[in-house]
Amino acid sequence: LLRLEEELNRANISVVHENIVYKDSGPEYLAVIDGLPNEIKHVSTSVEEEHPLGRLFDIDVLDCEGNQLSRQELGKSRRRCLICEKDAFECGRSRKHNINELIDKIENMSEAFFNK
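Given the structure is predicted, the values throughout are model-derived calculations rather than measurements.

Draft legend 1. Structural detail: helix 4 (residues 99-114). In this model, helix 4 (16 residues) spans 22 Å end to end at C-alpha, consistent with the 22 Å of a helix rising 1.5 Å per residue. With a side-chain oxygen lying 2.9 Å from the backbone nitrogen of Asn100, the N-terminal cap of helix 4 falls on Asn98.

The following block contains the structure:
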């Protein structure tokens, strides 16, 4: 969230309201952001792609009508699988990888980041 906020500030996009909701599936960050949806999506995808832990986050951007912007609308490719680098949606839908593989990958990524 800190990196996202830094990148939004750098792009002169301000957060109007924010809230973190803790659910069984994990924490969710909800924010009202004053900016053009495609610019916000550009910032969010750059964080997902460039931060060492960015791929662990799924940052959705909705426009004022509630329509979700896709990475493809910005000319970006779909998200890649953490394990095999293929389409993440396809791997998730087919349950190609078991949960232990995913947990191991996430733990390795986290340890590498936090041990720096």
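Okay, back to it.
Draft legend 2. Spotlight on the packing of aromatic side chains. Going through the model one piece at a time under the given rule, you end up with one aromatic pair. Ring centres of Phe113 and Phe114 lie 5.0 Å apart, and the angle between their planes is 80°; this geometry places the pair in the edge-to-face category. According to the relative accessible area criterion, Phe114 is exposed, its value standing at 61%.

Draft legend 3. Quick look at the side chain of Thr45. When you line up the elements, Thr45 lands in helix 2 (residues 37-50). Accessibility expressed as a relative area gives 0% for Thr45, which makes it buried. Separated by 3.1 Å, the side chain of Thr45 and the backbone oxygen of His42 make a polar contact. Non-local contacts of Thr45, meaning those with residues more than four positions away in its chain, are made with Arg71, Leu74 and Lys76.

Draft legend 4. Focus on the packing of helix 1 (residues 2-10) against helix 2. Close contact between helix 1 and helix 2 brings their axes to 10 Å; oriented N to C, the two are set at 140°. Judged on the interaxial angle alone, helix 2 and helix 1 are oblique. The element helix 1 and its partner helix 2 pack so that their crossing is right-handed. Residues Arg3, Leu4, Glu7 and Leu8 of helix 1 pack against Val43, Ser44 and Val47 of helix 2. Partitioning the contact of helix 1 with helix 2 into residue classes produces four nonpolar, one polar and two charged.

Draft legend 5. Highlighting the state of the cysteines. Under the criterion given, the structure shown has zero disulfides. Free cysteine Cys91: the closest other cysteine sulfur is in Cys84, separated by 3.5 Å. Owing to a relative accessible area of 6%, Cys91 belongs among the buried residues under this scheme.

Draft legend 6. Inspection of the pattern of salt bridges at higher detail. As enumerated under the stated definition, the model contains eleven salt bridges in all. Across the pair Arg71 and Glu48 runs a salt bridge, and its minimum N-O distance is 2.9 Å. One end of the pair, Arg71, is in the loop between helix 2 and helix 3 (88-94); the other, Glu48, is in helix 2, with 23 residues separating them in the sequence. Through salt bridges with shared partners, a single ionic network connects Glu48, Glu49, Arg71, Lys76 and Arg79.

Reading guide: rules and limits
Along every chain, residues carry numbers that run from 1 in the direction the sequence is written. Reporting of local features is limited, given that this is a predicted model, to residues whose pLDDT is at least 70; pairs of side-chain atoms are given and counted only at 80 or more, and all residues count toward the totals for whole chains, interfaces and linings. Only hydrogens and water are set aside when side-chain values are computed; all heavy atoms of the structure are taken into account. The helix and strand labels rest on DSSP assignments: H or I over at least four residues marks a helix, E over at least two residues marks a strand, and numbering proceeds from the N terminus. By this rule the span expected of a helix is its residue count minus one, scaled by 1.5 Å. Under the rule applied, a polar contact is a pair of N or O atoms within 3.5 Å (in protein, one hydrogen donor and one hydrogen acceptor; residues adjacent in sequence only if both atoms are side-chain atoms). Working definition: rings of Phe, Tyr and Trp (its six-membered ring) pair if their centres are within 6.5 Å, and the pair is stacked with planes under 30 degrees apart, edge-to-face with planes over 60 apart, and tilted otherwise. Here's how the labels work: a residue is buried when its accessible area is under 20% of the maximum for its type, exposed when over 50%, partly exposed in between, all with a 1.4 Å probe on protein chains only. Whether two residues are in contact is decided by their heavy atoms: any pair within 4.5 Å suffices. Angular values range over 0 to 180 degrees, each being the angle between N-to-C directions of two axes fitted as lines to C-alpha atoms, with helices fitted over their stretch in contact. Note on terminology: angles under 35 degrees are roughly parallel, angles over 145 are roughly antiparallel, angles of 65 to 115 are roughly perpendicular, and the others are oblique. It is the rotation of the near helix from the far one that decides the hand of a crossing: anticlockwise by less than a right angle makes it left-handed, clockwise makes it right-handed. Residue polarity follows a fixed list, in which Ala, Val, Leu, Ile, Met, Phe, Trp, Tyr, Cys and Pro are nonpolar, Asp, Glu, Lys and Arg are charged, and the others, Gly among them, are polar. A pair of cysteine sulfur atoms is labelled a disulfide when the two atoms are within 2.5 Å. By salt bridge we mean one thing: a side-chain nitrogen of Lys or Arg within 4 Å of a carboxyl oxygen of Asp or Glu.

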